[in-house]
Amino acid sequence: MAAGPPPSAAKGYGPNQFVSLPAELDPVGYDASPEKRRAEAERLAIRAQLKRQYQLQLNSPNPPTVIEDPALLRWVHAKTQNVYPTFRPTRQTSFRGALFAIGPILFWMAAFKIERDRKEKLIREGKYKRPFSVF
Amino acid sequence: MAAAGLGGVLWQRAAARLRALRVAAPLGARAASGLSSEMLPGPYPRTPEERAAAAKKYNMRVEDYQPYPDDGLGYGDYPMLPKRSAHERDPWYQWDQPDMRHNWGEPMHWDFDMYIRNRFDTSPTQIPWHTMRKHFLVFLSTMLIMFGIGQFYPSYRPVGPKQYPFNDLYLERGGDPNKEAPVVTHYEI
């Protein structure tokens, strides 16, 4: 009985979020259709425009002290100031907030209380040997 | 001159001028710095026009622009870029920022600071990830199982208590030399 076609190299490799597929195995790279080439050309045009803007600022006779990168400013803004306005309490976020924000506080409150009560009981019963420490 | 101080005429005039300027500025205006609010990230785009505007804002094609799903986690309209680290970017291309391998104005990944070259590396490995994981888990589990078995069923050569000469070191342990030492034998015939 003849075996089926061998598994594709990409499947054999198995990329995930920790490692990506090498470009040589990526089937996306095998296709050079006109749509893909047009898309690549548009991306290249955007990249070239940005490069031109940057080079104009960099090589101008009176360059600014700091060439601000709008992508960097947007990234910083998104991670710091845009989180609270776009946050929305859903089931998932409420659960995570309760688990990771309120949970540890309650847990440590309970842990310390139980530990202190246990030690208090031992001391009252006279079973606890006080450790001697200079500090 | 000293009596003028803060209540003096010049101060009052300057304060009045500042107040006039503040009133004259339109409502909602502030000192301009950095990017305007249209250029900054905003809420999740709902209509196609908002998507197109967001793609243009982030210097991406409309087809390439894909925001994070609207789960209320705080991403807003920030684009979801592929999870590739800086190690995978071409080392020979003339980047505007060669150490970050990043060009001016190019949209940065949300976890950009994790994907720099000092940190997480997603470049393809010589051996597939699942093979490496399997080998590692097999080795780790074998070692742990063997250590566990050895902990519960220890196996070593038989030992007995240590035997000391000279009647169990009678004189060395402070026994009276005038008295007769108690005879200690460690064998049976």
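Model, not experiment: these values are computed from the prediction. (Residues numbered from 1 in each chain as written. Chains lettered and ligands numbered in written order. Predicted model: local features only at pLDDT ≥ 70, side-chain atom pairs only at ≥ 80, totals over all residues. Heavy atoms only, no water.)

**With respect to the overall build of chain A**
Quick reminder of the rule: Working definition: helices are DSSP H or I runs of at least four residues, strands are E runs of at least two. Numbering for both runs from the N terminus. What the globule rule says is 2.2 Å times the number of residues to the power 0.38, and the radius of gyration is computed from C-alpha atoms. For every residue, the accessible area (1.4 Å probe, protein chains only) is compared with the maximum for its type, and the residue is labelled buried under 20%, exposed over 50%, or partly exposed between those bounds. Accessible surface is estimated by sampling points in the Shrake-Rupley manner with a 1.4 Å probe; for residues, cover comes only from the protein chains shown. The positive count covers Lys and Arg only, the negative count covers Asp and Glu only, and His and the chain ends enter neither. The atom standing in for a charge is NZ when the residue is Lys, CZ when it is Arg, CG when it is Asp and CD when it is Glu.
Within chain A one finds 5 helices and 0 strands. Start at the N end of chain A and walk to the C end: the helices and strands fall as α-α-α-α-α. Radius of gyration (C-alpha) of chain A: 31 Å, far over the 14 Å computed for a compact globule of 135 residues. Taken over the C-alpha atoms alone, chain A extends approximately 85 × 75 × 40 Å along its principal axes. Out of the 135 residues in chain A, the part that is buried amounts to 15%. Surface summary for chain A: the accessible area is close to 11200 Å², and the carbon and sulfur share equals 64%. Averaging the locations of the 22 positively and 12 negatively charged side chains of chain A gives two centres separated by 9 Å.

**Looking at the overall build of chain B**
Within chain B, the regular secondary structure consists of 4 helices and 0 strands. For chain B, the N- to C-terminal ordering of α and β elements is α-α-α-α. Split into buried and exposed, the 189 residues of chain B put 24% on the buried side. Counting only carbon and sulfur atoms, one obtains 61% of the accessible surface of chain B, whose full area is about 14900 Å².

**Thoughts on helix α5 (residues 91-125) of chain A**
Inclusion rule: How far a helix is expected to stretch is found by multiplying one less than its residue total by 1.5 Å. Note on bend: the value at a residue is the angle between axes fitted to the seven residues ending there and to the seven starting there.
In this model α5(A) runs 48 Å from its N-terminal to its C-terminal C-alpha over 35 residues, within 8% of the 51 Å that 1.5 Å per residue would give. The largest bend along α5(A) measures about 45 degrees and falls at Gly103(A), with the proline Pro104(A) one to four residues further on.

**As for the UniProt feature "transmembrane region" (unreviewed entry) in chain A**
Cut-off, in case you're wondering: UniProt positions are given in the numbering used here, feature names are shortened, and annotations may be inferred rather than shown by experiment.
Taking the numbering used here, the UniProt-annotated feature "transmembrane region" (unreviewed entry) corresponds to residues 95-114 of chain A. Measuring from the first to the last C-alpha atom of residues 95-114 of chain A gives 26 Å, for a span that is 100% helix and 0% strand.

**Remarks on empty space enclosed by the protein**
To be explicit about the condition: The pocket and cavity definitions rest on a 1 Å grid over protein atoms only: a 1.4 Å probe that fits but cannot leave marks a cavity, an open set with protein on both sides within 12 Å along at least five of seven lines marks a pocket, and residues lining either have an atom within 4 Å of a point. Grid points are joined across faces, edges and corners, and a volume is the space filled by probe spheres set on the points. Amino acids outside the nonpolar list (Ala, Val, Leu, Ile, Met, Phe, Trp, Tyr, Cys, Pro) and the charged list (Asp, Glu, Lys, Arg) are all regarded as polar, and Gly is one of them.
Applying the stated criterion across every chain, the model contains 1 cavity of 30 Å³ or more. What the largest cavity holds in volume is close to 30 Å³. In this structure, the largest cavity is lined by Ala71(A), Arg74(A), Trp75(A), Tyr58(B), Tyr78(B), Pro107(B) and Met108(B). In terms of residue class, the lining of the largest cavity is made up of 6 nonpolar, no polar and 1 charged.

**Notes on the side chain of Asn82(A)**
Note the threshold: Polar contact is the term for a pair of N or O atoms within 3.5 Å; when the atoms are in protein, one must be able to donate a hydrogen and the other to accept it, and sequence-neighboring residues count only if both atoms are side-chain atoms. By definition in these notes, contact holds between two residues if any of their heavy atoms fall within 4.5 Å.
With respect to the element layout, Asn82(A) can be found in the loop between α3 (70-80) and α4 (83-86). Under the relative-accessibility criterion, Asn82(A) is labelled buried at 4%. One polar contact links the side chain of Asn82(A) to the main-chain carbonyl oxygen of Gly42(B), over a distance of 3.0 Å. Residues in contact with Asn82(A), not counting those within four places in the same chain, are His77(A), Pro41(B), Gly42(B), Gly74(B), Tyr75(B) and Gly76(B).

**Looking at the domain arrangement of chain A**
Cut-off, in case you're wondering: All the domain ranges listed were derived from an automatic or database domain assignment.
On domain assignment, one finds that chain A holds domain 1 (21-87) and domain 2 (89-128). One C-alpha centre belongs to domain 1 of chain A, the other to domain 2 of chain A, and the line joining them spans 48 Å.

**Some points on unusual backbone geometry**
A negative phi angle is the norm for most residues apart from glycine, just as the trans form is the norm for most peptide bonds. Residue and element names in this part refer to chain B. Of note, Asn 59 is a non-glycine position whose phi angle comes to about 60 degrees, a positive value. By the element assignment, Asn 59 lies in the loop between α2 (48-57) and α3 (129-152). Note on Asn 59: relative accessible area 22%, which makes it partly exposed. Its identity as a non-glycine residue notwithstanding, Asn 167 has a phi of 55 degrees, on the positive side.

**Focus on the layout of surface pockets**
In this structure, the largest pocket encloses a volume near 1700 Å³. In terms of residue class, the lining of the largest pocket is built from 24 nonpolar, 6 polar and 16 charged. In this model, the second largest pocket occupies a volume close to 150 Å³. Partitioning the lining of the second largest pocket into residue classes produces 7 nonpolar, 3 polar and 2 charged.

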